[in-house]
Amino acid sequence: MRAYPMEGIFDYIRSNEERFIDELASLVRQPSNSTTGEGVEDCASVLKELMEKSGIKTRILSTGGSPVVYGETQGPEKGLTVLIYGHYDVKPPEPLDAWISPPFTPEIRNGRMYGRGAGDDKGQLYAHVKAVESILAVGGRLPVNVKFLFEGEEEIASPNLKPFVSRNRELLRADLMYSSDGTMPFGEKPGINFGVRGILKIEVSSRGPSRDVHSGGYGGLVPNPVWSLIHLLETMKGEDGRVLIEGFYDDIIPATHSEREALGRIGFNEEAFRQELDLQALDKSPGDHPLERLMFWPTLNIQGFFAGTREAEGINIIPARARTIIDMRLVPNQRPEHILEKVKDHCMKQAHLGDFDIIVKTQVPPFRSSLDHPYTPAVIDAVKQGFGEDPLLVPSMGGSDPTYIFGNVLGLPCFKVPYAQSHESNFHAPNENLLLDVYVKAIKTTAALLVSLAKGANTH
Ligand SMILES: [Zn+2]
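So, here is what we can say about the structure in this document. (Residues numbered from 1 in each chain as written. Predicted model: local features only at pLDDT ≥ 70, side-chain atom pairs only at ≥ 80, totals over all residues. Heavy atoms only, no water.)

Direction vectors running N to C along helix 7 (residues 225–236) and helix 11 (residues 336–349) enclose 125°, while the axes themselves pass 11 Å from each other. Between helix 7 and helix 11, the crossing angle belongs to the class labelled oblique. Judged by the twist between their axes, the crossing of helix 7 over helix 11 is right-handed. Of helix 11, the residues touching helix 7 (which contributes L232, T235 and M236) are V343, H346 and C347. Of the residues contributing to the contact of helix 7 with helix 11, the split by class is four nonpolar, two polar and no charged. (Axes fitted to C-alpha atoms, helices over the stretch in contact; angles between N-to-C directions. Helix = DSSP H or I, 4+ residues; strand = E, 2+ residues; numbered from the N terminus. Parallel < 35°, antiparallel > 145°, perpendicular 65-115°, else oblique. Left-handed = near helix turned anticlockwise from the far one by under 90°. Contact = heavy atoms within 4.5 Å. Nonpolar A, V, L, I, M, F, W, Y, C, P; charged D, E, K, R; others polar.)

With that settled, consider the coordination of the zinc ion. Taken together, H87 (NE2), D120 (OD), D181 (OD) and D181 (OD) make up the protein donors of the zinc ion, found 1.9 to 2.5 Å from the metal. For the zinc ion, the single-chain donor residues occur in sequence as H-x32-D-x60-D. In this pair, D120 sits in helix 4 (residues 118–139) while D181 sits in the loop between strand 7 (176–179) and strand 8 (191–193), placing the two residues 61 residues apart along the sequence. Overall, D120 belongs to the buried group, its relative accessible area being 4%. Taking the relative accessible area as the measure of exposure, D181 reaches 11% and is therefore buried. (Donors = N, O, S within 2.8 Å, 3.2 Å for Na, K, Ca; no water. Buried < 20%, exposed > 50% of the residue type's maximum accessible area, 1.4 Å probe, protein only.)

Where helix 2 (residues 17–29) meets helix 3 (residues 40–53), the closest approach of the two axes is 9 Å, and the angle between their N-to-C directions is 160°. One finds that helix 2 runs roughly antiparallel with respect to helix 3. Like other packed secondary-structure pairs, helix 2 and helix 3 cross with a definite hand, here right-handed. Residue-level contacts link E23, S26 and L27 of helix 2 to C43, V46, L47 and L50 of helix 3.

This part is about the sheet that holds strand 14 (residues 321–330). The strand order across the open sheet built from four strands is 12-14-10-15, with neighbouring strands paired in antiparallel fashion. Where the open sheet ends on each side, the last strands, each with one partner, are strand 12 (299–307) and strand 15 (355–364). Here the strands of the sheet are splayed against their neighbours by 20° on average, with no regard to which way each runs. Of the strand pairs in this sheet, strand 10 (residues 198–207) and strand 15 are connected by nine bridges, and their pairing is antiparallel. Directly across from V204, in strand 15, lies its bridge partner I358. Contacts from helix 7 reach strand 10, strand 12, strand 14 and strand 15, with the element oriented near 20° to strand 14. Against the sheet, helix 11 makes contact with strand 10, strand 14 and strand 15, and its axis sits at roughly 170° relative to strand 15, the strand it touches most. (Pairing = 2+ DSSP bridges.)

Another point: the packing of aromatic side chains. Summed over the entire model, instances satisfying the criterion amount to nine aromatic pairs. Geometrically, the ring pair formed by F194 and F415 is edge-to-face, given 5.7 Å between the ring centres and 75° between the ring planes. Taken together, the residues F194 in the loop between strand 8 and strand 9 (195–196) and F415 in strand 18 (residues 414–416) connect sequence positions 221 residues apart. Grouping residues by exposure puts F194 and F415 together as buried. (Phe/Tyr/Trp six-rings, centres within 6.5 Å; stacked < 30°, edge-to-face > 60°.)

This part takes up the sheet that holds strand 5 (residues 112–114). The antiparallel open sheet is built from three strands, whose spatial order is 4-5-19. Taken across any chain shown, the strands that pair with only one partner, and hence form the sheet edges, are strand 4 (107–109) and strand 19 (433–435). In this sheet, neighbouring strand axes are inclined to one another by 25° on average, regardless of whether the strands run parallel or antiparallel. Of the pairings in the sheet, the one linking strand 5 to strand 19 comprises three bridges and is antiparallel in character. Residue pairing for strand 19: Y114 is matched across the bridge by N433. Packed on one face of the sheet, helix 2 meets strand 4, strand 5 and strand 19 and runs near 20° to strand 5. Most of the contacts of helix 4 go to strand 19, to which it runs at about 45°, and overall it touches strand 5 and strand 19.

Let us now look at the pattern of salt bridges. A complete count under the given rule lists 26 salt bridges for this structure. Here K361 ties to E203 by a salt bridge, and the two come within 3.5 Å at their closest N and O atoms. With K361 in strand 15 and E203 in strand 10, the pair connects residues that are 158 residues apart, well separated along the chain. When its relative accessible area of 44% is taken as the criterion, K361 is described as partly exposed. Overall, E203 belongs to the buried group, its relative accessible area being 8%. Across the pair K349 and E246 runs a salt bridge, and its minimum N-O distance is 3.1 Å. Of this pair, K349 sits in helix 11 while E246 sits in the loop between helix 7 and helix 8 (257–266), placing them 103 residues apart in sequence. Each member of the pair, K349 together with E246, is exposed. When salt bridges with common partners are traced through the structure, they connect R19, E23, K130 and E133 into a single cluster. (Salt bridge = Lys/Arg side-chain N within 4 Å of Asp/Glu carboxyl O.)

Here it is, written out as structure tokens:
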């Protein structure tokens, strides 16, 4: 294996820093609002051109929605292949008058680049591109094979990503998936995310009379759907916080020894947490450590309850219908479709309480990679080199994202290292920005990762 002197690569990054920032600005300047479609296709072309100039063979592939920008740079023939995922689309910039500088006119203030997409996710995905350029400039060839999949629909829940990945298994064949999105998970320390929870979101409604009726003229005769729904919800979760739907917890995989250790190292200041949210106590839930509840246990949450009349309307009714929106955050190996069946069975068994309907709103499976995966040391080493400090190992995020597609459809171990500061990053809000210091560290991290992975693979 040829030598890849990290110092030489880091020197190259340092001496090209200004250009790397200018190029990111040109990417941010191009709108790519996937909610309205504005600029998305043009942004794919801008990104393709920037990637090609960086030594990456790039194509634009259609998905049925916004295109995927796909790139490849070859390494050694029998080398590892890293699939890098990111998204070039952005959230709408409104409200425009809340921006200090216009959203698509990137401006640098206080060491941060302000602009829609600067942090989420253009700066983060472009760091990978510049890392590849830097290694090529110094080493002539990459130490591993790299494939890039940059999608244009993440901010609208990636409706075409799973079918695209399923259709292109061969093209996307790799040994691991690496991505950068979101902000540093716990304070300003870099972290490696190994997993995501899934979600099953449903609307449960309860039917009463065919129309709203008067509570005086009909009260005592007509059953009230609001009460029915309240009674149903009471059968779903006990006062001790346990979900009472039969089989709900059957498939969950408990935290391993390494995962528990990682939780201990992240730490959780319960007092500060409660103070910030003015809480008397944390939610009751199975799981000993608070972070274990957040990462390794599923939840059943009532998002909203809609029924009846508003006080101002001044009418006395028994309403015709009551609705509630429930989300269940799922953990491996709970499958949304199985949990849905269990919820339906549960409601059937409670049919004596009322007449219930269920509509599915969202279902996304959970996914978790092992902390003990053989590639983990290379990822840790890369973050150490890039950021100059040890990363936190985060076994799972509480939320959901498209990572599960790479884990479940392609069967890849997935590592996500957020390349944006958590303090005032303003993602999805006015004055979104990226700390340029983090941007440069990010470029170094990806470069170090590609080199470390190759070294690790060689010593196996
Ligand atoms: Zn994002």
